[in-house]
Structures are given as C-alpha cells and as structure tokens.
Amino acid sequence: MNSIGSLLMNRRIAMGFIVALVLIGSGFAISFYSYTRYGDDTRQVRHTYEVIQVLDNILSLAKDVETSSRGYIITNDVSHLETYRTALRLLPEEIAKLRGLTIDNRVQIRRRFRLEKLINDKLAVTKSRLSTKLSDFKSSLINAESKRQMDLLRTHVALMVETEQTLMGVRIRQADRSYRNTLIIIAALSLLTFLTLIVLNRLLVQELTHRQQTEDQLRAYDTQLRGQIRQLEASNEELERFAFVASHDLQEPLRKIQSFANLITERYGNLFDADSLLFMGKISNSAERMSKLIKDLLNFSRISSHREEFEPVLLSDIVQRILDDQELRINGLNVQLEVSSLPVIEGIASQMDHLFNNLISNALKFIQPGVQPLLRIAVQAIDGECYSGLVPGRNYFEITIEDNGIGFEEKYLDHIFKVFQRLHSKSAFEGTGIGLAICKRVVMYHHGYITARSKPNAGTTFVVVLPESQSQQQYDRPTSETHSYPAG
C-alpha cells in the first residue's frame, strides 16, 4: 500500500509540474503578446506626437516667412531676409518628414497635399510681395492675398493637428489598456511561478544533494590537478636549470675551438692555401655564432629562471646607456635620433636592458641602403582598456621604437617573436633569432603587451606597453597568453 501511495504521489507531482509548466508557458506567451501590443500602442502615440510637432514646425516656418517679408517691406532692412531664407531652406525638410509620417493615414495624406499647395501659394505670394515696393498700388492687394493665404494655412494646420490629437486620445487609451492587461498577466504569472516553486521544492532538494556530491568530486579533482601543476612547475624549473648549466658548460669547448683556430691561423697561415684559410675562417665564424647563440639562450632562460624583485627603474637611463654603448655604430651610420623622456616604472633593470637593447639593435641592423637611418623612441600614458588582455583602469606606458628600415610583411608578425624564427638569411643580416623572443618574454614577465606595425621598405614600429607599477593581486593579472602579440 505504501508503494502504491508513493507511486501515486509521484505521478501527482509530475502531473502538477507539467500543468505548472504549461500555465507558465501560456502566461509568458500572453504576457509577451500584451507587452508587444503595449509597445506598438506606445509607438503610435509617439508617432502622433511627431506628426503634431512637424505640423507646428511647418506653421512656425510659414509665420517666419510672413513676419520676415513684412519686416523687410516696412523697414527695407535686408537682415530681415535671413529668417526668410532659413525658412525656405527648412520647409522642404519638414514637408518631407510629414510625408513620411502620414504615409499610413489616407485622410492626412489628402490634407497633406492640400497643405503643400497652400504653402506653395503662400511662398509665391511672398515672393511677389518682396519684389513689390510699399508705395506700389499693388502692394495692398498682395498684402491682403498674403493674409488670406496665411489664414487658410493656419486653419488647415489646425485641422490636421486636431485630427492627430483625436488619434492620440484613442491610442493613449489603447496603450493604457495594454498596460493594465500586462500588469494583470504579470501578477497572475507571478502567482503561478510561486505555486510552481512550492511544487518543485522536493525536486530542488534532490538536485542540491546531487550538486553537493558533484562539488565534493570536483574538489578531489582540483586537489589532484594542483598536485600535477606543482609537479609540472618543478619539472619546468629543473629543465630551465639544466638548460642554463648545459649552455654554460658549452661555452668552454667553444672558447677552445676559437682559440686554437686563431692560433693555427696566426702560426701556420702562411702555409695555407686560399681554401684552407677559408675553412679556418668558417670554423672561427661558426664558433662565434654558436657562442652568441648560447649567450642568447642563457639570457632567454635566465628571464624565467631568475626571480628578481621588482623595483623602480628609470627607463631613460637604460636607453641612454644603450645608446652610449652603440655610439660608434650610430655615428658611423649617421643615424637620426629622436628620443623622448622615458618614465619610471616598477620592473627589473636587467630585463629592461635586454628589452631595449634588442629593439634598438634591430632598428640599427635592418636599415635601407642609401637612406639615412632614423631611430625614434616615444612614449605616452594610456589606460589598460586600450589593448586586449591588459587590465582596464590600470596605468600603462605605451613606448614605441620606430625606424625607417626595410620593414616586413605583417603576415609574419606571429613568427618574429618566436625562438629561432628569422625573416632573412644569416648572410644578409647577423643574428641568432632569439632577440625578439627575449623581448616578448620580458614583456610577459612584466605583465605588459608587445606588438609591431610594419610594411616592406616603410620601416617598423615596435609597440611595448608596460604597467607603471606591479602592485596588483595575482588573481587580477591576465594570463601569459594575453600579453603576446596579436596573430596577424
């Protein structure tokens, strides 16, 4: 008996749930229909207001025509014609508005035709009036005709306004009725919703129980995931340490290769033929490129493996020091320098040195033959909302490093910031293909943004956005991906 009673109760609950859903759905549909009707009625009321406003504007402009023409005839002052000319310019616009607003009303369409004729007659009389002197015997006849036309125009506009006001009354009553119906339906719908919530209480309790079980399972997964993340971080740290140590140990055999190659060339160079000297030169050059590559890899690894504290950094001092180091090269190339005063930011000085050294070296490297090189460094303060991935409301500095060098196609923008990615051969321009990857990592470490704008043979502008301070909670910081350049 208990089983039968429980089954019947479940069926009643299910049936009540279905009925409640049907009632709620019906209520929503009726409410939506009533709300739509109310919106239509409200738009019709606004439409009537607009028609009345346009009619008032037309009558006002006609009065301006009458007043200004009368003032001109009496005083012979040309300034009175300014209002007349303005009215002539605005009347066609207002008539066009009225034409569009009354297109759905046949009665008003016929009256609008009559109104347009009256306006044209009025303007014709006014034109004749302006060309007739006050002393002319025709002046009184024209003035009388002008007054008659104005009276007809006032009467006709009043008739059209009265028609619209009658329509407005009807539409306002319809809107009020739709509003009341909407309130009644919403009240009924609220009552149905309340009853439905009571019926669904038991189901919600069951759902909450199920969710609690799911949440407990998610906590277990979260604990497991955090452990895996810690293992991954430890593994990455070990890999970075291994890369650092391995790269450091590789410097010693390279130095020996360079030293012995130079000794052989110095001592026995007179015994070598041209091919032998070429081969020894290639050995030395390859060892030197390998040494530079290892140093760049060390710098790249050191950025993420060395955790230094952020401190105030004067960027002007760093850039000036780099320019002083490059002084001979800058003077030799006759570079045109334009460097703005750079701000103080919270960062790591050594990483800022890597960043600007690579960007300035790039600007001095990829120059166009026969063109005086240009290096322009500018800065402006911006808000984080200017770039995707930054924090809105935070203060940032946008620093641009611009040159007039060979440039590149922007379709390669997603390549230049990757390790070992080059757009030119080693024989054309020196480099290891790591410099811009270091720049990207430095900017990411400082929670900034980096990108570039360029065209072939039109120069390149690197844009570096750095926060003024790093005093920000970890959970507010964007992920590292958001600091990278836009792809293409």
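For the structure, see preceding data.
Residues numbered from 1 in each chain as written. Predicted model: local features only at pLDDT ≥ 70, side-chain atom pairs only at ≥ 80, totals over all residues. Heavy atoms only, no water.

Draft legend 1. Here's a closer look at the sheet that holds strand β5 (residues 395-403). Strand order in this open sheet of five strands is β2-β4-β5-β7-β6, and the pairing throughout is mixed. The open sheet has two edge strands with one neighbour each: β2 (336-339) and β6 (449-454). Neighbouring strand axes in the sheet, compared pairwise and without regard to direction, differ in orientation by 15° on average. Two strands pair when backbone bridges link them, and β6 and strand β7 (residues 460-467) are joined in this way by six bridges, in the antiparallel orientation. The residue bridging arginine 453 from the neighbouring strand is threonine 461, located in β7. Seen against the sheet, helix α9 (residues 349-365) touches β4 (374-383), β5 and β7 and runs at an angle of roughly 170° to β7. (Pairing = 2+ DSSP bridges. Helix = DSSP H or I, 4+ residues; strand = E, 2+ residues; numbered from the N terminus. Axes fitted to C-alpha atoms, helices over the stretch in contact; angles between N-to-C directions. Contact = heavy atoms within 4.5 Å.)

Draft legend 2. Seen up close, the nonpolar core. Ranked by internal contacts, the top residues of the largest apolar core, which has 37 residues, are Met352, Leu355 and Phe356. Among the secondary structure elements, those contributing two or more residues to this core are α7 (315-325), α9, β4, β5, α10 (413-416), α11 (435-445), β6 and β7. Top element by residues in this core is α9. It accounts for seven residues. Leave out the neighbours within four places in its chain, and leucine 355 touches Cys439, Val442, Val443, Val464 and Leu466. (Core = buried A, V, L, I, M, F, W, Y, C linked by side-chain atoms within 4.5 Å. Buried < 20%, exposed > 50% of the residue type's maximum accessible area, 1.4 Å probe, protein only.)

Draft legend 3. Structural detail: the packing of helix α2 (residues 81-101) against helix α3 (residues 106-130). Axis separation between α2 and α3 bottoms out at 12 Å; the angle between their running directions is 165°. Viewed along their axes, α2 and α3 adopt a mutual orientation that is roughly antiparallel. Here α2 and α3 pass one another in a crossing that is left-handed. Note on element contacts: α3 touches α2 through Arg112, Leu115, Glu116, Ile119, Leu123, Thr126, Lys127 and Leu130, opposite Leu81, Tyr84, Leu88, Leu91, Ile95, Leu98 and Arg99. Broken down by class, the residue content of the contact of α2 with α3 amounts to ten nonpolar, one polar and four charged. (Parallel < 35°, antiparallel > 145°, perpendicular 65-115°, else oblique. Left-handed = near helix turned anticlockwise from the far one by under 90°. Nonpolar A, V, L, I, M, F, W, Y, C, P; charged D, E, K, R; others polar.)

Draft legend 4. Representation of the pairing of strand β3 (residues 344-347) within the structure. Where burial is concerned, the two faces of β3 differ: the one with Ile345 and Gly347 is buried and the one with Val344 and Glu346 is not. Note: strand β1 (residues 311-314) against β3, four bridges, orientation antiparallel. The residue of β3 that forms the bridge with valine 313 is isoleucine 345.

Draft legend 5. Expanded view of the packing of aromatic side chains. In total, this model carries two aromatic pairs according to the counting rule given. Look at phenylalanine 310 and tyrosine 445: their rings are 5.8 Å apart centre to centre, the planes differ by 35°, and that puts the pair in the tilted class. Here phenylalanine 310, found in the loop between α6 (274-305) and β1, pairs with tyrosine 445, found in helix α11; they are 135 residues apart in sequence, far enough to count as distant. Assessed through its relative accessible area of 24%, phenylalanine 310 is described here as partly exposed. Judged by its relative accessible area of 16%, tyrosine 445 is buried. Where tyrosine 387 meets tyrosine 449, the ring centres are 4.9 Å apart and the plane angle is 40°; that geometry is what we call tilted. In this pair, tyrosine 387 is assigned in the loop between β4 and β5 and tyrosine 449 in strand β6, connecting sequence segments 62 residues apart. (Phe/Tyr/Trp six-rings, centres within 6.5 Å; stacked < 30°, edge-to-face > 60°.)

Draft legend 6. How the structure looks around the side chain of serine 69. As for its position among the elements, serine 69 is in helix α1 (residues 2-75). Separated by 2.9 Å, the side chain of serine 69 and the backbone oxygen of valine 65 make a polar contact. Each residue touching serine 69, except ones within four places of it in the same chain, is listed here: Thr126, Arg129 and Leu130. (Polar contact = N/O pair within 3.5 Å; in protein donor to acceptor, adjacent residues only side chain to side chain.)

Draft legend 7. Expanded view of α9. The end-to-end C-alpha distance of α9 is 24 Å, a good match for the 24 Å that 17 residues give at a rise of 1.5 Å each. What α9 keeps buried is the set Gln351, Met352, Leu355, Phe356, Leu359, Ile360, Ser361, Asn362, Ala363 and Leu364. (Expected span 1.5 Å × (residues − 1).)

Draft legend 8. Spotlight on the environment of leucine 59. Looking at the secondary structure, you find leucine 59 in helix α1. When the C-alpha positions of leucine 59 and leucine 91 are compared, they lie 9.5 Å apart, and in sequence the two are 32 residues distant. In contact with leucine 59, not counting residues within four places along its chain, are Met150, Arg154 and Val157.

Draft legend 9. Spatial organisation of unusual backbone geometry. With a phi angle near 55°, asparagine 334 is a residue other than glycine that sits in the positive phi range. By secondary structure assignment, the location of asparagine 334 is in the loop between α8 (327-333) and β2. The phi dihedral of histidine 447 falls on the positive side, at around 60°, and the residue is not glycine. Among the structural elements, histidine 447 can be located in the loop between α11 and β6.

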